[in-house]
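# Structural features, examined
Spelled out, the chains give:
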Amino acid sequence: MLVEMLVEQEKLGVNVVMKVGDRVRVKESVVVYHHPEHRGQACDIKDTEGEVISIATEWQGRPVSANLPIVVKFSKKFKAHLRENELELI
């Protein structure tokens with residue numbers, strides 16, 4: 001079962017090194033418009049640290065290939081979906 005899950009994650013382009021609960025930092029310039037302190041304005045979250053809270057590999061029991069599969073929680077009110085190449089483990 002574990003091997004099947006790892007193979008499926010590799011097919012979907014998800015980094016199997018990163019897992020839920022890991023501390024990460026945004027290593028590239030990523031502009032978001034939904035930051036609670038800058039609602040509707042461009043906000044670059046480069047060098048912001050957070051925690052991986054989920055990795056989108058399936059939806060309603062079916063495998064999916066999400067464009068932004070890693071969900072990172074930065075604060076109580078702010079989380080974002082990011083690509084694995086935009087993040088680094090800390």
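Look above for the structure.
In this numbering scheme, every chain counts its residues from 1 along its sequence in written order. Only residues with pLDDT of 70 or above have their local features reported here, since the model is predicted, and side-chain atom pairs are shown and tallied only from 80 upward, although totals for entire chains, interfaces and linings are computed over all residues. Only hydrogens and water are set aside; all other atoms, that is, all heavy atoms of the structure, feed into the side-chain values.

### Some words on the overall build of the chain
The cut-off we apply is this: A helix here means a DSSP run of H or I that spans at least four residues, while a strand means a run of E at least two residues long, and both kinds are numbered starting from the N terminus. Note on exposure labels: buried denotes an accessible area under 20% of the residue type's maximum, exposed denotes more than 50%, and partly exposed covers the range between, all computed with a 1.4 Å probe on protein chains only. Any two residues having at least one pair of non-hydrogen atoms within 4.5 Å are treated as being in contact. To measure how exposed things are, a 1.4 Å probe is used in the Shrake-Rupley method; for residues, cover is taken only from the protein chains shown.
A tally of helices and strands in the chain yields one helix and nine strands. Moving toward the C terminus, one meets the helices and strands of the chain in the order α-β-β-β-β-β-β-β-β-β. Per-residue burial over the chain gives 29% buried out of 90 residues. For the chain, the proportion of contacts with a sequence separation of at least 24, taken over those separated by at least 6, is 52%. Put simply, the chain shows about 6200 Å² of open surface, and 50% of that area lies on carbon and sulfur atoms.

### Let's talk about the nonpolar core
Rules: The definition of a nonpolar core used throughout is a set of buried Ala, Val, Leu, Ile, Met, Phe, Trp, Tyr and Cys residues joined through side-chain atoms within 4.5 Å.
In this structure, Val-26, Ile-45, Ile-70, Val-72, Phe-74, Leu-82 and Leu-87 are the most contacted members of the largest nonpolar core, which totals 16 residues. Those elements giving two or more residues to this core turn out to be strand S1 (23-26), strand S4 (49-55), strand S7 (70-73) and strand S8 (79-82).

### Remarks on the pattern of salt bridges
Here is the rule we go by: One side-chain nitrogen of Lys or Arg within 4 Å of one carboxyl oxygen of Asp or Glu is enough to make a salt bridge.
Enumeration according to the criterion identifies five salt bridges in this entry. A salt bridge links Asp-22 to Lys-19; the shortest N-O distance between them is 3.3 Å. In this structure, Arg-25 engages Glu-88 in a salt bridge whose closest nitrogen and oxygen atoms are separated by 3.0 Å. Taken together, the residues span a long stretch of sequence, with Arg-25 in strand S1 and Glu-88 in strand S9 (residues 87-89) at a distance of 63 residues. The exposure class of Glu-88 is partly exposed, given its relative accessible area of 30%. The network of salt bridges with shared partners includes Arg-23, Arg-25, Glu-49 and Glu-88.

### Structural notes on the pairing of S1
Where we set the bar: For two strands to pair, DSSP has to find at least two bridges joining them.
Burial of the side chains of S1 is restricted to one face: Val-24 and Val-26 are buried, whereas none of Arg-23 and Arg-25 on the reverse face is. Inspection of the sheet shows S1 paired to S4 by three bridges, in the antiparallel sense. Paired with Val-24 across the two strands is Gly-50, which belongs to S4. Pairing between S1 and S9: three bridges, direction antiparallel. From the neighbouring strand, Val-24 faces S9, where its bridge partner is Leu-89.

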